[in-house]
Structures are given as structure tokens and as C-alpha cells.
Amino acid sequence: MDINLNNIQIDIAKEARRFLDKECPTDYAREMFEDERGFTEEIWAKMIEMDWMKVRIPEPYGGAGMDQMDLTMVLEEMGRAVLPGPFFSTILLAAEAIMEAGNDSQKKRYLPGIAAGEIRGTLALHEPDGGADPGYIQMEASADADGFVLNGTKISVPDAHVADFLVCAARTEPGNDPAQGITLFLVDLSADRVSVSLLPTMDGTRKLCAVDFKGVRVGPEGVLGKLHQGWDPLSRVLGRAQVGLCAECVGGAQRAMEIATQYAKIRIQFDQPIGAFQAIKHRCAQMYVEVESSRSILYWAAWAQDYGDPEEAAIAASVAKAYCSEAFTHIATGGVQVLGGTGFAWENDIHLYLKRAKANEQALGDPMYHRERVVQLLTGR
Amino acid sequence: MDFRLTPAQEAFRGEFVSWLEKNLPHDWDPSRYRNYDSQEEWGRVYREFQRRLFDGGYTAMHYPKEYGGQGKTLMEEVIVSQVLFFTCPELRIPGVVTHAMAVPTIFTCGNEEQKREFLPKILDGTHIWCQGFSEPDAGSDVANVSTRAEKQNGHYIINGQKVWTSFAHLSDYCILLVRTDPTVARHKGLSYFLLDMKLPGVEVRPMTQITGEAEFNELFFNDVRVPVEMRVGEEGQGWQIAITTLMFERVLGDAIMGAAYERNIEKMIEMASQTKRSGRPVIHDPIFRQQLAQAYIEVMVLKYHGLRSLSNQLKSKIPGPEGSIGKLLWSEPNQRITEAAMGMQGPNSQIMGSSPWTIQDGYWQYSFLRSKGNTIEAGSSEILRNIIAERVLGLPKDVSRAKRQ
């Protein structure tokens, strides 16, 4: 047993911190909050130079073939910076789906381009009637002689407006059980009859879209993985993505706690720093408890994605997603309160963290969904 | 990074598990949380079982052999402790203060004679120890201790009172914090003693607690003569000894609690599968499922946070700041978990004694009440949050305390 970061991981985190502090301070997040695309080509190009696109992609496809824990180091820092842009959607969702379910020619077609930063993708999963349940997939893909025809609406699709393609989970057999009848499709976003509309979301640093499919044609080469058996690989992709969101949550929560505690040291009321009052002190201490607890559970979940057995990987992802995303919300909410009027003001950064916390909490299964899943995995029913 | 035990550690764990199966007391029933009617019998069973562990080579794995240990690492000690607290916490509880507080204090801060005299007799089950820190006017404010020790001809004469002293009624010795110098600043006038409970002038009065049991006591000292040799460290070092030694064993305690609570999750699943509401097992109720999951999540937080702190300590040899939150991670969740368990049982949660309707031997009723002490004993949640805020986050002390110091 050794639950310490290795030197490579420590270096990855340090380099990421240095880069993001310099290139992507929260001024960048604020600017992109108001920007329709949500990122600049200049920063995207610099991120490519950092080799971040390559981290998880296997070496034969132009990547670095590193593990979830290595990627966690980068994502924690991105969370700290409330980094906007399509990194998460392209790397954690689209690329992982192709790595998990794709055949060699699909991998060759997409992965080297993603690793080089030339192609962007996302995952179309959530549906309007599914609420926070990512397993509610009713969008129809009907087979015909040439392949499949997709009809329906996907919602909360991150960064679809700047993506070149998306992976879409659709139903090829009727039913309610996600384990049966779901197929994954690769859909080119320049295709006919697919339309993307940017949603006016609360967290402007994470753009979400609605995607309408009105008879979109996908040929056999666009079927990702086995027909009707898409949930199995998809749930592994979601596990990694959920753990990825947890890493963002931990980095964001750490920074929100720092903002609150720094303010508590300098803000004077009743002739002393407010941090001397136990009402404030204990709130800050609880932030520390939840940040470090989140980090411990994150490390376990990240490790389990690569080295645990499948059951452990699945339950760890749900435990982490429920815990870390709620902790981030508590901490950011507490931060707003500690900062008082300043915390309520747009000028202070704390609201960026609160908004990202709520976005992450609801994405890819909310805490209620993950707690239910934990019981199913624990008891087998 | 690796969350698994090494093959050698796995093998050691397996050996210990099979040893334990053969060496549990014959009259001990694992389905009951309390097998012994009297405190004295409980103490006797603890001592016998501790002796068996000692003879089997499973005590103080990380301490040197000359003091009764096994000369291995903290990891082996964690493995043994986790198995014991998962399997048979009842057989360990009377020795908790002994092993978590007296042993590390004597080992880390005691002199050679003290180590050789006391450690082997603790580890072979001869002696149980208690901890005399709290007083009527020194609860969370431990530095306010007023029990006096005055030096006279090679002895200290001790007068005063301690309170909430767990297992004093079964104890042979006491680790005792007293004031040797009332003229200096509060923290600097304290000294640390190893007290023989059989000395004339020591009086133990058991107190009944919220669970109806009498596991803690008042402790009175009336001109108790303690030889100078029983002082740990120098005069005036009592506070430092009390604080620092305990930090080193904290990760062990957190790892133990994680194992004990994993067993609680198993018990809760079993209970929720059998206990019904509206005619169907509560495990099918969506709200109770959320509570069960939350219980599991909090236990996993405790487990993996504990392992991370342990791993850090094994590597860096000093406890990191993340270790300071461990106690909050078991005390507060235990209250929430036992509360949820009571809720799952509905009105039957009121049945504490033996009846045809008693659920799991009344374990959750006892645990619910006992857990209320968790956030008070060994540093209240409020004091722990002060410590985290001030020592880890660097927030200022409040004006009144800052002025006084």
C-alpha cells in the first residue's frame, strides 16, 4: 500500500499550476463566461503544447498512454482555475468513449487528431425527460438498409457548439433497462439534420447545449462498439468522467476554501479578524475536513479506474461523485457566506466556484442517482 | 499509488485471520454486542484474550521486542487492529485507552526503566490503564487542570479530582496529568505521571452513563504519594507530552474505526433486509436506500482518508495535517449512521433489552446512545475544529484567548 503521489504526478501538478496561474487566471474564466464559444484558440494551442490532450490516449494513436491518476493531477488544477473550454468534453467524454468502445479504424480516425488538439468532440447523453438519471436513454435510432436514423433531443451536452463530432447514446431496442438495447453512435456535427443550440446556463464557464436529431443518418462505420450493448462501455466511460469531475471539484473546493480563509484573516469586524470568531472558524475548518476527505476518496476512485476490479471501479466512481460534488457545493456556499456582501458581488471570484460546483453536481448523475447506484452495487438489487 | 496490501501483507493478514478463528474465547458469541454481564468479567475476558494475542505474537507489531512488541512495522499493527475491530470489538474495548494512549506515551516519552517495567505487562494482558486528564473544571479546556502534585522527599503528594475516567474501575494504572507549578503560565505548570491505582488515597467512584452502563468514573486523590520515578519527562513538560505523543498514534485509531464501521455497514444491510415498513423490507424504500448509501460513503471516506494518512506517515515519519481530521470523520458519521439505523426500525427502535422483537441484540440502540459520546470524548468536535482552523488554516485565536495568553 502506498497512497502517496509519485514524482511524475507531483511534477504534472506543479507544471499545470504554473501554466494555469500564468495563462488562465480567473480573468480568463470571467472573459469566457461571457463569450459564446467559451475558449480562445490561443489558450487551446498552449494547452496542446502542454501535451494535456495526449495524457490518456494510447501511444499507438499519438498519445502518452498515462493513467487516470496522472490525468487527475491536471484536472484538479483545471478545477482550481475554473478553466473554461472543451477539454473535459473532448478528452474525458469523446476520446474515452472511442478508446473504450471503438474499433481500430475508428480509433485511427479520431484519436490522433484529438491527441494533436485538431479535433474536438463531446457526448450526447442526458435527455429532457431523464432528469439527473444518465441511464434514462429513450432517443431512438432505427435501423434501415444503409445504417441507422437518429431522432430525438439530447440536452446538457457540453461544448457541442464547438465540437466536430459527438458520441450519441441512443436506443436501438425498446425498453427501460439501459443495460439492454443501447447503442453508441459517432455523429459528425457537420451532418445534415443535426442542430445545436447553446443553452443560457448559470455557469458560463461550462457551456451546455441542446442537440436536436431530426432523421440524422449514421452509416455502419459510425456504430461505436457492439449493437445494443452500448451501456457496458458507456458506464466505464462515465465512471472515468465522473471521477474526472471529482478532480475538478477537489481543485475548485480547495481554491474556494483558500478564498474564504484568506478573507477571514483580513476582514475586521468587532475589532478582530472575523476568522477569530468560532462561527467563522468552524465553517472554515469544516471546509478543510471536506476538501481533504474529497481528495482521499478521489485518489481511491482514480486509482480504482485503472487498477481496481470492475466492481470496485464502479462503486468508487459513484461514492466519489456523490461525496466530492456535494462537498464542493458546501464549500463554495460556505465561501459566499464567509465573504458576506463581497461574496454576493460579481466582482469576487467565489461565485465562479459556486456555479461550477452546481454544474458538476448535476452532471453525469447527481448525488441522489449515485447513492442509489451505490446501494444497487452493494446489495445486487 | 497502490491501495492494495502487498502479497506479504495479504499473507500475514490471512494467517492472522485464521489464527483468530481458533483463538476467540469459547463463550464469546459474535451475534451479541455484549456477552458479559459484569464489568469485572468483561475486564477478565479482555486480559485473557490480550494474553492470548501476546502469546500468539500479535501484540504491538510495530514496537521493539525488548518491550514486548514484535519488531515489525506500523502496517502490520494496522492489519491486526483492523481484523480485531472488524471481528470482535467487544474483546478490545476495555483496553482501548491502554493501547491508544498509555502505550504510545510510555514508549515515546517514557525513560528506559519505565518502558521495561510497564510495556511488557500491558502487552501480555496483566495491566489495564486509564487516562486521568479531564476534571470538573478542565473539560475541553484541559490546560485548566488543577489536581496538584507537590514534591516532598522523593515523592509527589497528589490531591484533587478527575472525572469521566473510562475503565478506571478496571484499571491497574493511570496516565495522569497534574499541576506541579501553579505560579507559571497554565500550559507550563503541568507534569505527567504514571500512577499505581492501588496506592493509598486513590478512590474510584463509577458513574452511570447515557447507555445505562458504568464504564466511566470519578477519581479522587487524597494525599496520594507517588515516587518521583513515576514522572514522565521533566517537571513542566506534561502538556507537550500529552499533546505530541497522541498525534503519532492517531492514524492507527482512524484505521481501526474504519474497520469497525465497515462491519456496521454489513450489519445495517442485514438489518435493513429483515426489518419491514409497510410490509416490505426497508431496504426497498428509496429514502432509506439513500441513507444506507450515505452511511457507506462516509465509511469509505473514513477508510480511505485513514489509509492515506497512514501511508503518508509511513513515508514521511511525521503526521501530516490531513491526519488532524480523522477523529471528525468517525465521530460525526457514527452519529448519523446510528440515527439512520434507528429510523429504519421505526417504533421497534425503542426496544433495547431482550424481547422477541429485539433487532440485532439491541446493537443499534446501544450504538446510537454510545455515539453521542464520540463527539465529546478525546477532543470535542468544537475543539478539533478550533485546532484545524488555527493550526492548519492559520486563522487567528479570538481576542479573549489571545489576551489571556
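In this numbering scheme, every chain counts its residues from 1 along its sequence in written order. Chains and ligands are labelled by the order in which they are written, letters from A for the one and numbers from 1 for the other. Local features in a predicted model are, by the rule used here, given only for residues with pLDDT of at least 70; side-chain atom pairs are given and counted only at 80 or more, and totals for whole chains, interfaces and linings are based on all residues.

A. Region of interest: the overall build of chain A. Looking only at helices and strands, chain A has 12 helices and 10 strands in total. What the globule rule says is 2.2 Å times the number of residues to the power 0.38, and the radius of gyration is computed from C-alpha atoms. A compact globule built from 381 residues would reach a C-alpha radius of gyration of about 21 Å, and chain A, at 21 Å, matches this within 12%. Seen through its principal axes, chain A has C-alpha atoms that stretch 80 × 50 × 40 Å. With C-beta atoms placed from the backbone, the exposure class of a residue follows from how many other C-beta atoms lie within 10 Å of its own: 20 or more, buried; 12 or fewer, exposed; in between, partly exposed. Scored against the burial criterion, the 381 residues of chain A give a buried share of 57%. Sequence-distant contacts in chain A: of pairs separated by 6 or more residues, those separated by 24 or more amount to 75%. The helix count covers DSSP runs of H or I at least four residues long, the strand count covers runs of E at least two residues long, and both are numbered beginning at the N terminus. C-beta atoms are first placed from the backbone for all residues, and any pair lying within 7 Å is then listed as a contact.

B. Summary view of the overall build of chain B. Helices and strands together make up the secondary structure of chain B, namely 11 helices and 10 strands. For a compact globule of 405 residues, the expected C-alpha radius of gyration is about 22 Å, and chain B comes in at 22 Å, within 12% of that figure. Taken over the C-alpha atoms alone, chain B extends approximately 75 × 50 × 45 Å along its principal axes. Taking all 405 residues of chain B together, the buried fraction comes to 44%. Restricting to contacts in chain B with at least 6 residues of sequence separation, those with at least 24 account for 70%.

C. Looking closely at the packing of helix 7 (residues 231-266) of chain A against helix 11 (residues 350-362) of chain A. All names here are of chain A. Lines are fitted to the C-alpha atoms to define the axes, a helix being fitted only along its stretch in contact, and any angle between axes, read from their N-to-C directions, falls within 0 to 180 degrees. Across the interface, helix 7 lies against helix 11 with an axial gap of 10 Å and an inter-helix angle of 155 degrees. Taken together, helix 7 and helix 11 sit at an angle that is classed as roughly antiparallel. Relative to helix 11, helix 7 is oriented so that their crossing is left-handed. Packed against helix 7, whose contacting residues are Leu 245, Glu 248, Cys 249, Gly 252, Arg 255, Ala 256 and Ile 259, the element helix 11 presents Ile 350, Tyr 353, Arg 356, Ala 357 and Asn 360 at the interface. The labels follow the angle: roughly parallel below 35 degrees, roughly antiparallel above 145, roughly perpendicular from 65 to 115, and oblique for the rest. Note on convention: near helix rotated counterclockwise from far helix by under a right angle means a left-handed crossing. Clockwise means right-handed.

D. Quick peek at the domain arrangement of chain A. Residue and element names in this part refer to chain A. The split of the chain into domains comes from an automatic or database domain assignment. The domain architecture assigned to chain A consists of domain 1 (7-118), domain 2 (122-224) and domain 3 (231-379). The gap between the C-alpha centroids of domain 1 and domain 2 is 23 Å. The interface is formed by 20 residues belonging to domain 1 together with 16 residues belonging to domain 2. Counting residues per element, the ones that place at least two in the side of domain 1 that touches domain 2 are helix 2 (26-34) and helix 5 (87-101). Ranked by residue count, the leading element in the side of domain 1 that touches domain 2 is helix 5, at eight residues. Side-chain classes are defined by residue name, with Ala, Val, Leu, Ile, Met, Phe, Trp, Tyr, Cys and Pro counting as nonpolar, Asp, Glu, Lys and Arg as charged, and the others, Gly among them, as polar. Per-class residue counts for the side of domain 1 that touches domain 2 are 12 nonpolar, five polar and three charged.

E. Representation of the interface of chain A and chain B within the structure. Contacts between the two partners involve 40 residues from chain A, matched on the other side by 38 residues from chain B. Sorting the residues of the side of chain A that touches chain B by element identifies helix 7, strand 10 (272-273), helix 8 (278-307), helix 9 (310-339) and helix 12 (367-379) of chain A as the ones contributing at least two each. Looking at the side of chain A that touches chain B element by element, the count peaks at 15 residues for helix 8 of chain A. Tallied by class, residues from the side of chain A that touches chain B come to 22 nonpolar, 11 polar and seven charged.

F. Seen up close, the nonpolar core. Ranked by internal contacts, the top residues of the largest apolar core, which has 235 residues, are Leu 166, Phe 185, Cys 284, Ile 297, Ala 301, Val 319 and Ala 320 of chain A. Per-element accounting of this core gives the leading share, 18 residues, to helix 7 of chain A. Sequence-distant contacts of Ile 297 of chain A, that is, excluding residues within four places in its chain, are made with Val 319, Ala 320, Tyr 323 and Cys 324 of chain A together with Met 300, Val 301 and Tyr 304 of chain B. Buried Ala, Val, Leu, Ile, Met, Phe, Trp, Tyr and Cys residues whose C-beta atoms connect them within 7 Å together make up a nonpolar core.

G. Broad picture of the domain arrangement of chain B. Residue and element names in this part refer to chain B. According to the domain assignment, chain B consists of domain 1 (7-127), domain 2 (131-236) and domain 3 (240-404). One C-alpha centre belongs to domain 2, the other to domain 3; they are set 29 Å apart. Contact residues are listed per partner, giving eight residues for domain 2 and nine residues for domain 3. Taken together, the residues of the side of domain 2 that touches domain 3 break down into five nonpolar, three polar and no charged.

H. Highlighting the packing of helix 4 (residues 68-80) of chain A against helix 7 of chain A. Residues and elements named next belong to chain A. It is the contact of helix 4 with helix 7, at a shortest axis distance of 7 Å, that shows an interaxial angle of 45 degrees. It follows that helix 4 is oblique to helix 7 by the angle criterion. Considering only the axes of helix 4 and helix 7, their crossing is right-handed. Contacts from Gln 68, Leu 71, Thr 72, Leu 75, Glu 76, Glu 77, Met 78, Gly 79 and Arg 80 in helix 4 reach Arg 240, Val 243, Gly 244, Ala 247, Glu 248, Cys 249, Val 250, Gly 251, Gly 252, Gln 254 and Arg 255 in helix 7. Broken down by class, the residue content of the contact of helix 4 with helix 7 amounts to seven nonpolar, seven polar and six charged.

I. A look at the environment of Gly 113 of chain A. All names here are of chain A. Within the secondary structure, Gly 113 sits in helix 6 (residues 104-115). As a C-alpha pair, Gly 113 and Asp 27 span 86 residues in sequence and 30 Å in three-dimensional space. If near-sequence neighbours (up to four positions away) are discounted, Gly 113 is found in contact with Glu 118 and Ile 119.

J. The arrangement of helix 5 (residues 112-123) of chain B in detail. All names here are of chain B. A helix's residues, less one, multiplied by 1.5 Å, set its expected span. The end-to-end C-alpha separation of helix 5 is 16 Å, in line with the 16 Å expected for 12 residues at 1.5 Å each. Of all the residues in helix 5, the buried ones are Phe 118, Leu 119, Ile 122 and Leu 123. The arc enclosing the buried residues of helix 5, seen along the axis, measures out at 120 degrees, which places them on a common side. In this structure, the buried residues of helix 5 make contact with helix 2 (39-56), helix 4 (96-109), strand 1 (129-132) and strand 5 (190-196). Of the residues flanking the end of helix 5, it is Gly 125, one or two places downstream, whose phi is positive at about 90 degrees. Directions are taken from the helix axis to each C-beta atom, and the arc is the one they span.

K. Structural detail: the environment of Lys 22 of chain A. Structurally, Lys 22 of chain A is set in helix 1 (residues 7-23). Considering only alpha carbons, one finds Lys 22 of chain A and Ser 235 of chain A, 213 residues apart in sequence, at a separation of 36 Å.

L. Fine view of unusual backbone geometry. Of note in this structure, Leu 364 of chain A is not a glycine but carries a positive phi near 55 degrees. Turning to its location among the elements, Leu 364 of chain A is positioned in the loop between helix 11 and helix 12. For Leu 364 of chain A, a count of 26 C-beta atoms within 10 Å puts it in the buried group. Positive phi outside glycine occurs at Ser 278 of chain B, with the angle close to 50 degrees. Its location among the elements puts Ser 278 of chain B in the loop between strand 9 (276-277) and strand 10 (280-281).

M. Seen up close, the pairing of strand 3 (residues 155-163) of chain B. Whether two strands pair comes down to DSSP finding at least two bridges between them. Examined bridge by bridge, strand 2 (residues 148-152) of chain B and strand 3 of chain B share five bridges and lie antiparallel to one another. Paired with Glu 150 of chain B across the two strands is Ile 157 of chain B, which belongs to strand 3 of chain B.

N. Spatial organisation of helix 10 (residues 381-392) of chain B. The end-to-end C-alpha separation of helix 10 of chain B is 15 Å, in line with the 16 Å expected for 12 residues at 1.5 Å each. Within helix 10 of chain B, the full set of buried residues consists of Leu 384, Arg 385, Asn 386, Ile 388 and Ala 389 of chain B. Looking at the packing, one finds that the buried side of helix 10 of chain B touches helix 8 of chain A together with helix 8 (326-345) of chain B. Phi for Gly 394 of chain B, located one or two positions after helix 10 of chain B, is positive at around 75 degrees.

O. Representation of the environment of Leu 199 of chain B in the model. Residue and element names in this part refer to chain B. Looking at the secondary structure, you find Leu 199 in the loop between strand 5 and strand 6 (202-207). Judged by the 15 C-beta atoms lying within 10 Å of it, Leu 199 falls in the partly exposed class. Between the alpha carbons of Leu 199 and Ser 31 there is a distance of 40 Å; along the sequence they are 168 residues apart. Setting aside anything within four residues of it in sequence, one finds Leu 199 in contact with Val 224, Arg 225 and Val 226.

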